[in-house]
Amino acid sequence: GAVVSQHPSWVICKSGTSVKIECRSLDFQATTMFWYRQFPKQSLMLMATSNEGSKATYEQGVEKDKFLINHASLTLSTLTVTSAHPEDSSFYICSASRGAGEPPELFFGSGTQLSVL
Amino acid sequence: AQTVTQSQPEMSVQEAETVTLSCTYDTSENNYYLFWYKQPPSRQMILVIRQEAYKQQNATENRFSVNFQKAAKSFSLKISDSQLGDTAMYFCAFMGTGNQFYFGTGTSLTVIP
């Protein structure tokens, strides 16, 4: 199957600082990537859909100025949590799908555990 | 918006036994896909099985099979010969024409040795 690499796996930062999370599709081109947030023992909550070369589409209630998403190439999308606060502490997961013509499937990164002190 | 419902927050099964996880969904679309994803303690999401709505035959992948009832909008997952490595959160998911995935709330499955 296709591989999605996500880094870092975990990060601890001070309140007020910014954190960047990278999501790469290693062996396929991903025109669309998705960013999810997951709280303990809960489901995945879609934050935004990232399209290569265009602005991300954010879900209702997600602050676009706090969660900056950049999808500059067909293999890389980044999520930057700006001015992080303790309430931003969570598990963030990226995913990507291959293009049309392939059986639909979401390939997931291994996730990033963010802890804001 | 599509909704996906998993009514069993937690389940357990004895090793080597069979367990069925339930999932229902609501949609007005006719062409769509349904999925079961597994999230073990490592938290890496893994595709277990996929079903195309226009295919009446139930999908199977080794010990995993589904019971897809399109009219009832039901999509249950059966795990046969349960193994300790099957312990995980299981998420049912729906994908329609918009290519967006909708996930259920998950079922935590514990396989008891």
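Higher on the page you've got the structure.
Residues numbered from 1 in each chain as written. Chains lettered and ligands numbered in written order. Predicted model: local features only at pLDDT ≥ 70, side-chain atom pairs only at ≥ 80, totals over all residues. Heavy atoms only, no water.

**Student:** Run through the sheet that holds strand S3 (residues 19-25) of chain A, naming residues and quoting values.
**Tutor:** All names here are of chain A. With antiparallel pairing, the four strands of this open sheet are ordered in space as S1-S3-S8-S7. The strands lining the two open edges of the sheet, one partner per strand, are strand S1 (4-7) and strand S7 (67-73). This sheet shows a mean twist of 15° between the axes of neighbouring strands, independent of strand direction. Across six bridges, the pairing between S3 and strand S8 (residues 76-81) is antiparallel. Across the sheet, the residue bridging to Cys23 is Ser77, located in S8. (Pairing = 2+ DSSP bridges. Helix = DSSP H or I, 4+ residues; strand = E, 2+ residues; numbered from the N terminus. Axes fitted to C-alpha atoms, helices over the stretch in contact; angles between N-to-C directions.)

**Student:** Could you give an account of the state of the cysteines, naming the residues involved and the relevant values?
**Tutor:** Residue and element names in this part refer to chain A. Going through the model one piece at a time under the given rule, you end up with two disulfides over all chains. In this model, Cys23 is linked to Cys94 through a disulfide, with the two sulfur atoms separated by 2.0 Å. What sets the handedness of the Cys23 and Cys94 disulfide is the S-S torsion sign, and at about 80° it is right-handed. You can see Cys23 sitting in strand S3 and its partner Cys94 sitting in strand S9 (residues 90-97), a full 71 residues away along the chain. (Disulfide = S-S within 2.5 Å.)

**Student:** Residues and numbers for the packing of aromatic side chains, please.
**Tutor:** For the structure shown, the criterion picks out 17 aromatic pairs over all chains. Considering the side-chain rings of Phe35(B) and Phe101(B), the 4.8 Å spacing of their centres and the 40° angle between planes classify their relative orientation as tilted. Note that Phe35(B) is positioned in strand S5 (residues 33-39) and Phe101(B) in strand S11 (residues 101-103), a separation of 66 residues in sequence. Looking at Phe35(B), the relative accessible area reads 0%, which means it is buried. By relative accessible area, which is 4% here, Phe101(B) ends up buried. An aromatic cluster is present here, built from Tyr36(A), Phe108(A), Tyr33(B), Phe35(B), Tyr37(B), Phe101(B) and Phe103(B) joined pairwise through their rings. Stacked on the ring of Phe91(A), the Lys or Arg Arg43(B) has its end atom at 3.7 Å from the ring centre. (Phe/Tyr/Trp six-rings, centres within 6.5 Å; stacked < 30°, edge-to-face > 60°. Buried < 20%, exposed > 50% of the residue type's maximum accessible area, 1.4 Å probe, protein only. Lys NZ or Arg CZ within 6 Å of the ring centre and 35° of its normal.)

**Student:** Go over the pattern of salt bridges with me, naming the residues and quoting the values.
**Tutor:** Residues and elements named next belong to chain B. Under the counting rule described, the total for this entry stands at six salt bridges over all chains. Its salt-bridge partner being Asp26, residue Lys73 comes within 3.7 Å of it at the nearest N-O pair. Placement of Lys73 in the loop between strand S8 (64-69) and strand S9 (74-79) and of Asp26 in strand S4 (residues 24-26) is noted, with a sequence separation of 47 residues between them. Judged by its relative accessible area of 25%, Lys73 falls in the partly exposed class. Residue Asp26 is classed as partly exposed on the basis of its relative accessible area of 43%. (Salt bridge = Lys/Arg side-chain N within 4 Å of Asp/Glu carboxyl O.)

**Student:** Would you mind going over the pairing of S5(B) in detail, with residue names and values included?
**Tutor:** In the case of a regular strand, side chains alternate between the two sheet surfaces. Residue and element names in this part refer to chain B. Here S5 lies mainly inside the structure; seven of its seven residues are buried. Residues Tyr33, Phe35, Tyr37 and Gln39 line one face of S5 and the alternating positions Leu34, Trp36 and Lys38 line the opposite face, and both faces are buried. In this sheet, strand S6 (residues 46-52) lies alongside S5 in antiparallel orientation, the contact comprising six bridges. In the sheet register, Tyr37 faces S6, and the bridge partner there is Leu47. Between the end of S5 and the start of S6, which pair antiparallel, lie six residues, with Arg43 showing a positive phi angle near 75°. Looking at chain direction, S5 and strand S10 (residues 88-95) are connected through seven bridges and run antiparallel. Bridging across to S10, Tyr33 finds its partner in Met95.

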